[in-house]
Amino acid sequence: MNLEIEEKQATIFDIQRFSIHDGPGIRTTIFFKGCPLRCRWCQNPESHKSGIEVAFYKERCAFCFDCKDVCPEDAILESEDVRINFDHCSTCGQCVSACMNDALRLVGKRWNALTLLNEVLKDKDFFDDSEGGITLSGGEPTMYSAFLREFLPLVKKEGVHVNMETCGMFKWDNINSILPFLDLIFYDLKLMDSKMHQIYTGVDNIMIIENLSKLAVNFSNLQARMPVIPTINDTQDNIADTVRLLKKNNLETIHLLPYHNLGEAKLPGIKTDLEPLDLPTDNGVYLLSAKKLFENQGIYVI
Amino acid sequence: MSQDRIDRIKNAVRTSRPGICTERALIWTRYFKNKENRKKHPSIQMAESLSDVLNKKSIKIYPDELIAGNFSSKRVGGSVFPELHGVVVMQDLFSFVKRETNPLEISKQEIWQLIKIIPFWLFRFLGFKAYRSKIDTFRFIADQLNARYYFINESGGIAHLAPDYEKLARVGTEGIILEVETLQEKVLENTEQWYFYESVKIIARGLARFGKRYSDLAFQMAEGESDPVRKQELLDISKVCERVPEKGAVTFREALQSIFLAQIAINLESLDNAISPGRMDNYLYPYYEKDLKSGALTREKAKELVSAFSIKMSEIVPVFSKLITKFHGGMFNGQVVTVGGIGRDGKDASNELSYIFLEVMDKLRMRQPNYHARIHKEAPGKYHDKIFEILSKGGNSPALYNDDVIVETLVRHGYDLPDARDYTAVGCVEPVCQGKSFSSTDAALFNVPIMLELALNQGRRFGSLLQAGPKTMAVSKMTSMGDVKQAFETQHGHFTERLIKDLQAIERANAAYHPTPLTSMLLDGCLENGFCSTSGGAVYNFSGIQCVGPVETGDALYAIDQAVFQDRKLTLPKLVGLLKQDLHDEKWRVYLRRLDKFGNDNEKVDDYTLYVLDTFTGNLNGRMNTRGGRYTTGLYSVTSHQYFGEVTGALPNGRRKGESLSAGIAPSNGQDRLGPTAMLSSVNRIDATNFANGLNLNVKWDSNTIRGETGRLALKNIFKTYFRRGGMQVQFNVFDPKTLLEARDNPDAYPNLLVRVSGYSAYFNDLTPEMKDEIIRRTYISV
Ligand code: SF4
Ligand code: SF4
């Protein structure tokens, strides 16, 4: 499995200004493209592959087939739901420029450290007044360790607070080298049973649990998080095991995230093998009962 | 305080259907039909006819009330001003009851009474008298009735002031008469000044008598009252009105009562718009403090009185024709109450009354008054906390004003520093000095994008052969953005000149035929100078012209630059051809819409909006009105962006013919794609100090974004940055988008949904269907 992209450029699929739920204050969240996990409930399936992709949004399509005229690879399909034959597509992007209806888009853009720095500094004044900063998210930001080693020192020189969200699947060196530049880490836990983890995320959880223990020792501002996926990881057993892991690592709090099925709507437009989970969006009921379970066992939920 | 009482009064006002009151129109007409009266000096005419109205109009004290005074014969009502815009308004007489937007109750008999006075005013109303030549007169009236390029509000009167209520409360009409008598002795009899002083004395006496009438009424009502508690309340009202407004107020309650009666009277004098009590927390505080000390008042009791006063401000509505409603929708009289801010000495002037007003505002959430809060760097933390707590709970008020920028702006435009510090907004967002400015802040509204339409068609509208503006270069000959700008500037300059010519004619007509002695009596400078405010007697005399649609125009220019000169996807004639066909080719429309727009923190795009603003302020620079003040620019549009949108052709930014323009300085609908920080960064590129007539930035949040502690903090902090970087003003619309859709489809279910339109709050149901849709469409900012 590829856990590392040894490049000085990063592929980023979104930069969201005015994020107020990804750490303290007003933040700019950078979504890196590429992830070693394939969680079935993923809300950003377009983040999985590390390369640039073409995505199709069928509600906007006017069936004019201007895209077909310009495609050098003959990769445009004329069906209603699917426009791109990904096996032929070279992601040259010509169809995207040709489509006047915004029905085709390139997902992912290459950034070097300096241009990304300038982009995030646009909201520096807002960071300063709100004690906010930037959040590295994804995908899995640690995959871009080489890039971050160049980017983060620049950011820190400007006095910007840095939070990183990670799935925990990384080579220790990749995080260790950037640790001095991080102010906060959101660490996602999903399932404690390794086999189940394999089934729902595509990988086992051995490395993730190991990395958590290492970080707990080496980094002071670590915040565990868990997406509450109804009936899948909100079981008594899984929560009890999670509590045990947290306590073992002297972690006293967990941040719970409610489940949305918004990601599933994106699946047909991109190249993916992911299948919909077919669960309804949590209107808060599951989150609340999971919260109770944690709190009953002495873990404070935030 | 008795919350029940306040709830009952509020409910009575809220459930009353607004109506038209004929009293002022009829009494005024009777006065002027008398030939002897018509021979008198205009100042005397105005003072006498207004006194007549105050003396003869029906007066009422409603159940539970503590502050007496009624604007009109209806619980919620508005008056007709036949000598001003009344004739224009009366063309709608038969449709008031049935019209969809802002319907107004009026009986058949009342309609008939008004019809009978039309012939008398038909060739006597102000707009008709503005020009000597008949050709100019008819051109002007036709322009007004079919506004395309600009709309002049001043033909309905000037108003728009924050009267010196501090002085009225302190010395009473008695004190003012004493002052005037001394001044009058120094001038020759039968001179302009002498007549002016004479008129002030007449109306001062008229106002004093108005108080006595309520005193008598309350006394009579008390005699017939069986409930001993209410009986005592009525006797108290009688005692208060016996003293004020004639005498200087001694108590907090007397001060409020004195001010309210004057508020009614000024609203009956000329245009009933934007008569603003202003910094009430500031000038009422000495009364509050004294009463509290003496034990005559408690905080709760003060809150009750403020609530009673505040509700009464919603008892007035403007009587506008359908046309005027398009410019000024939402039953809005623009009476502003301002809290907080620095004092004349530069130190924070907020006090306990500021909090009382904020609490009352939050509790009542009514259409009027229009609550504004001043913000500055040194304001106490709890003041900021209170405001953002209210806003994050979903309140649309108060709108926020940045002292640090506004004071600098006013000084730059000629205010003395202490006067600038003593500003309050009137109407929507326009800063004036309390008691010293007679600034016609809503003199006119100017349609900027239509100048570009003319520039792209040699001075003609798309599809028209009429040469409306100067003949500028044909697009086929234009080879650079420089050529496009040149044509735009020529058209803009031409219509600015025409506007100023029309405005000055109306300004002179106001001075000659409609002086305002009561207004002048409460404006510093008028008495000292011996001149009416309409003749430039006040200390400050600005006129504000609103720049409407600068953002669309900037986006349109950027789109031309991009599509024609950078991408070279279109030639200029081809682009104009598309516009003339109203962009029916969807492909090109989408292409144009997708080009970058103002509001996304993109300097290249934003620069075009800055260019449009510079052109506008440049045209007004150095121009003076006939009262000796400067023409200044306002960046707010009330609801005229909707109307001007309706009459403006397709634009190169991908906007079709008839679609609304954006409000104030907000990005064009749905075009701020990068969220609020990027949007505010674009707005912060504008040098707000160029806009002495105020600026309106309307930001809409869905309630989810700003919910809870995280939301409240984000809201507070994002505007901390905006203000620190030079932002002048901001107001909020906070709601769940679903609520609005439901309210549109099922108006009965949401009778009280309050939204902010342009510096003021209006009930959603009072808006036109297009305005409702626009509010819904306007950018939702959410995470
Ligand atoms: S160019 Fe765009 S709108 Fe036309 S068929 Fe292709 S995807 Fe659809
Ligand atoms: S990105 Fe290039 S290769 Fe792929 S479908 Fe579009 S035009 Fe064809």
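Each chain has its residues counted from 1, following the order in which its sequence is written. Here the convention is simple: chains get letters from A, ligands get numbers from 1, in the order in which they are written. Per-residue local features are limited, in this predicted model, to residues with pLDDT of at least 70; the limit for side-chain atom pairs, both in listing and counting, is 80 or more; totals at the level of whole chains, interfaces and linings are taken over all residues. Derived side-chain values reflect all non-hydrogen atoms in the structure, with water molecules and hydrogen atoms excluded from consideration.

## Description of the overall build of chain A
If you tally the helices and strands in chain A, you get 10 helices and 11 strands. In this treatment the radius of gyration is a C-alpha quantity, and the globule benchmark scales as 2.2 Å times the residue count to the 0.38 power. Taking 302 residues into account, the globule formula puts the C-alpha radius of gyration at 19 Å, and chain A, at 20 Å, falls close to it. When the backbone C-alpha atoms are referred to their principal axes, chain A occupies close to 60 × 45 × 35 Å. Sequence-distant contacts in chain A: of pairs separated by 6 or more residues, those separated by 24 or more amount to 70%. Looking at chain A as shown, the accessible area adds up to about 13,400 Å², and 50% of this sits on carbon and sulfur atoms. Here chain A carries 31 positive and 43 negative side-chain charges, and the mean point of each set is 3 Å from the other. Here a strand is any run of E in DSSP of at least two residues, a helix any run of H or I of at least four, and the numbering for each starts at the N terminus. The contact definition used throughout considers only heavy atoms, calling two residues in contact when any of these lie within 4.5 Å. Per-residue accessibility takes into account occlusion by the displayed protein chains alone, with areas from the Shrake-Rupley method and a 1.4 Å probe. We score Asp and Glu as negative and Lys and Arg as positive, and we do not count His or the chain ends. The atom standing in for a charge is NZ when the residue is Lys, CZ when it is Arg, CG when it is Asp and CD when it is Glu.

## Looking at the site of ligand 2
Around ligand 2 sit 13 residues, and of these Cys71, Cys89, Cys92, Gly93 and Cys95 of chain A come closest. Residue type decides the class: Asp, Glu, Lys and Arg count as charged, Ala, Val, Leu, Ile, Met, Phe, Trp, Tyr, Cys and Pro as nonpolar, and the leftover types, Gly among them, as polar. When the residues that make up the shell around ligand 2 are grouped by side-chain class, the tally is nine nonpolar, three polar and one charged. The criterion for a residue being near a molecule or strand is simple. One of its heavy atoms has to lie within 4 Å of it.

## A closer look at unusual backbone geometry
Residue Gly139 of chain A is reached from Gly138 of chain A by a cis peptide bond, and omega for that bond is 10 degrees. A cis amide bond links Val244 of chain B with the next residue in sequence, Pro245 of chain B, at an omega value of 5 degrees. When you line up the elements, Pro245 of chain B lands in the loop between α11 (228–243) and α12 (252–269). For Thr231 of chain A, which is not glycine, the phi torsion reads 70 degrees and is therefore positive. Residue Leu583 of chain B is not a glycine yet carries a positive backbone phi of 50 degrees. Following the sequence through the fold, Leu583 of chain B ends up in the loop between α25 (572–580) and α26 (586–594).

## What to know about the pattern of salt bridges
Residues and elements named next belong to chain B. Here, a salt bridge means any side-chain nitrogen of Lys or Arg that lies within 4 Å of a carboxyl oxygen of Asp or Glu. Inspection of the entire model under this criterion finds 65 salt bridges over all chains. We note a salt bridge from Glu246 to Lys247, for which the minimum N-O separation is 4.0 Å. Through salt bridges with shared partners, a single ionic network connects Arg279, Arg344, Asp419, Asp422, Lys436 and Asp524.

## Observations regarding the side chain of Asn625 of chain B
Residue and element names in this part refer to chain B. Topologically, Asn625 is positioned in the loop between α27 (603–620) and β11 (631–634). Judged by relative accessible area, which is 5%, Asn625 ranks as buried. As used in this structure description, the phrase polar contact means that two N or O atoms lie within 3.5 Å; if the pair is within protein, one of them must be able to donate a hydrogen and the other to accept it, and residues adjacent in sequence are counted only when both atoms belong to side chains. A distance of 2.9 Å separates a polar side-chain atom of Asn625 from the backbone oxygen of Asn541. Among the polar contacts made by the side chain of Asn625, one reaches the side chain of Ser543 at a distance of 2.9 Å. Apart from residues no more than four positions distant in its own chain, Asn625 is found in contact with Gln504, Glu507, Asn541, Phe542, Ser543, Arg630 and Tyr631. Only protein chains enter the calculation, and the probe is 1.4 Å; a residue is then buried if its accessible area is under 20% of its type maximum, exposed if over 50%, and partly exposed in between.

## Quick notes on the packing of aromatic side chains
All names here are of chain B. Stacked, edge-to-face and tilted labels apply to pairs of Phe, Tyr and Trp rings (six-membered ring for Trp) whose centres lie within 6.5 Å, assigned for plane angles under 30 degrees, over 60, and everything in between, in that order. The full count for this structure, using the stated rule, is 33 aromatic pairs over all chains. Seen from their ring centres, Phe123 and Phe128 are 5.1 Å apart, and the 65 degrees between their planes marks the pair as edge-to-face. Here the aromatic rings of Trp588 and Tyr591 are separated by 5.5 Å at their centres, their planes lie at 90 degrees, and the arrangement is edge-to-face. On the criterion of helical spacing, the pair formed by Trp588 and Tyr591 is a turn pair, its members being three residues apart in helix α26. Pair check on accessibility: Trp588 and Tyr591 agree, each one buried. Taken together, the aromatic side chains of Trp28, Tyr31, Phe32, Phe120 and Trp121 make up a single cluster linked through ring pairs. Our definition puts a charge over a ring when NZ of Lys or CZ of Arg is within 6 Å of the ring centre and also within 35 degrees of the ring normal. In this arrangement the basic side chain of Arg374 is found over the ring face of Tyr423, its NZ or CZ atom lying 3.9 Å from the centre. In this structure, Lys382 is placed above the aromatic ring of Tyr355, and the distance from its NZ or CZ to the ring centre is 4.7 Å.

## Thoughts on empty space enclosed by the protein
Residue and element names in this part refer to chain B. Each cavity reported here is a set of points on a 1 Å grid over the protein atoms alone in which a 1.4 Å probe fits but cannot get out, each pocket an open set with protein on both sides within 12 Å along at least five of seven lines, and each lining residue one with an atom within 4 Å of a point. Grid points are joined across faces, edges and corners, and a volume is the space filled by probe spheres set on the points. One pass over the structure, following the stated rule, counts 13 cavities of 30 Å³ or more. In this structure, the largest cavity encloses a volume near 330 Å³. Along its surface, the largest cavity is lined by 27 residues, and Phe151, Ile152, Asn153, Ser155 and Ile324 are the ones closest to its centre. Contributing elements (two or more residues each) for the lining of the largest cavity: α5 (82–90), α8 (134–145), β3 (150–152) and α15 (322–327). Broken down by element, the residue count for the lining of the largest cavity peaks at four residues, all from α8. Partitioning the lining of the largest cavity into residue classes produces 15 nonpolar, 10 polar and two charged.

## Overview of the interface of chain B and chain A
Across the boundary between the two partners, chain B contributes 23 residues, which contact 17 residues of chain A. Summed over both partners, buried area is the accessible surface (1.4 Å probe) that two parts give up on being assembled. Between chain B and chain A lies a buried interface of about 2,000 Å² when both sides are counted; carbon and sulfur atoms form 58% of it. Taken together, the links from chain B to chain A amount to five salt bridges. The partner of Arg724 of chain B in a salt bridge is Asp125 of chain A, with the nearest N and O atoms 3.9 Å apart.

## Re the packing of helix α21 (residues 481–513) of chain B against helix α24 (residues 550–566) of chain B
Residues and elements named next belong to chain B. Each axis is a line fitted through C-alpha atoms, taken for helices only over the stretch in contact, and angles between the N-to-C directions span 0 to 180 degrees. Orientation of α21 relative to α24, taken along the N-to-C sense of each, is 150 degrees, at an axis distance of 10 Å. Relative to α24, α21 is oriented roughly antiparallel. By crossing handedness, the relation of α21 to α24 is classed as right-handed. Facing Met481, Val484 and Phe488 of α21, the residues of α24 in contact are Thr553, Leu557, Ile560, Asp561 and Phe565. Comment on the angle field: the value is read as roughly parallel under 35 degrees, roughly antiparallel over 145, roughly perpendicular from 65 to 115, and oblique elsewhere. Take the far helix as your reference; a near helix turned counterclockwise from it by less than a right angle gives a left-handed crossing, and one turned clockwise gives a right-handed crossing.

## A look at α25 of chain B
Residues and elements named next belong to chain B. Residues of α25 that are buried include every one of Leu572, Leu575, Val576, Leu578 and Leu579, and no others. One side of α25 carries all its buried residues, which in axial view fall inside an arc of 155 degrees. Backbone geometry just downstream of α25 places Asp582 in the positive-phi region, at approximately 55 degrees. Note that the arc is computed from the directions linking the helix axis to the C-beta atoms.

## Topic: the environment of Gly298 of chain A
Residues and elements named next belong to chain A. In this fold, Gly298 is placed in the loop between α10 (285–296) and β11 (300–301). The class for Gly298 is exposed, based on a relative accessible area of 52%. Remark: the alpha-carbon pair of Gly298 and Val243, spanning 55 residues in sequence, is separated by 8.2 Å. Non-local contacts of Gly298, meaning those with residues more than four positions away in its chain, are made with Lys247 and Glu252.

## What to know about the site of ligand 1
Near ligand 1 there are 13 residues, and of these Cys61, Cys64, Phe65, Cys67 and Cys99 of chain A occur at the shortest range. For the shell around ligand 1, a count of residues per class yields 10 nonpolar, one polar and two charged.

## So, α11 of chain B
All names here are of chain B. Here, expected helix span is obtained from the residue count minus one, scaled by 1.5 Å. Counted at 1.5 Å a residue, the expected span for α11 with its 16 residues is 22 Å, and the 23 Å between its end C-alpha atoms agrees. Where α11 is concerned, the buried positions are Arg230, Glu233, Leu234, Ile237, Ser238, Val240 and Cys241. Projected onto a plane normal to the axis of α11, the buried residues spread over an arc of 165 degrees and lie on a single side. Counted as exposed and oriented over 90 degrees from the buried face of α11: Pro228, Val229 and Lys239. Backbone nitrogen of Val229 and a side-chain oxygen of the N-cap are separated by 3.1 Å at the start of α11; the cap is Asp227.

## Digging into the sheet that holds β3 of chain B
Residues and elements named next belong to chain B. Here we have four strands laid out as an open sheet, ordered β3-β9-β10-β11, and mixed in their pairing. Every interior strand has two partners, whereas the edge strands, β3 and β11, have only one. The mean angle between the axes of side-by-side strands here comes to 30 degrees, regardless of whether they run parallel or antiparallel. Bridge count between strand β10 (residues 543–548) and β11: four bridges; the pairing is parallel. By the bridge assignment, Ile545 is partnered in β11 with Thr633. Here helix α28 (residues 640–647) sits on the sheet and contacts β3, β9 (440–447) and β10; the angle it forms with β9, its principal contact strand, is near 25 degrees. When DSSP finds two or more bridges between a pair of strands, those strands are recorded as paired.

## Topic: the sheet that holds strand β10 (residues 253–257) of chain A
All names here are of chain A. The strand order across the open sheet built from nine strands is β5-β1-β2-β6-β7-β8-β9-β10-β11, with neighbouring strands paired in mixed fashion. The open sheet has two free edges, formed respectively by β5 (109–112) and β11, since each of these has just one partner strand. Direction of pairing for β10 relative to β11: parallel, over a ladder of two bridges. Within the sheet, the bridge partner assigned to Ile254 lies in β11 and is Val301. Most of the contacts of helix α5 (residues 145–157) go to strand β6 (residues 133–137), to which it runs at about 165 degrees, and overall it touches β1 (9–19), β2 (27–32), β5, β6 and β7 (161–166).

## Observations regarding the nonpolar core
Throughout this description, the term nonpolar core refers to a set of buried Ala, Val, Leu, Ile, Met, Phe, Trp, Tyr and Cys residues connected via side-chain atoms within 4.5 Å. In terms of nonpolar packing, the biggest core is built from 255 residues, with Phe252, Leu284, Leu400, Val484, Leu697, Trp701 and Phe719 of chain B touching the most fellow members. At 13 residues, helix α10 (residues 192–223) of chain B tops the list of elements feeding residues into this core. Phe170, Trp172, Ile185 and Tyr187 of chain A belong to the second-largest nonpolar core, a separate cluster that totals 69 residues.

## Details of the domain arrangement of chain A
Residues and elements named next belong to chain A. Domain ranges listed in this record stem from an automatic or a database domain assignment. One can read the domain layout of chain A as domain 1 (9–52 + 108–301) and domain 2 (53–106). Placing a centre on the C-alpha atoms of domain 1 and another on those of domain 2 gives a separation of 31 Å. On the side of domain 2, eight residues touch domain 1, which itself brings nine residues to the contact. A buried area of about 770 Å², summed over both sides, lies between domain 1 and domain 2, and 50% of it is on carbon and sulfur atoms. Per-residue buried area on domain 1 facing domain 2 is highest for Ile52, Gly269 and Lys271; these three make up 62% of the total on that side. Summed over the shared surface of domain 1 and domain 2, the number is one residue pair in polar contact (both at pLDDT 80 or more). Of the residues contributing to the side of domain 1 that touches domain 2, the split by class is two nonpolar, three polar and four charged.

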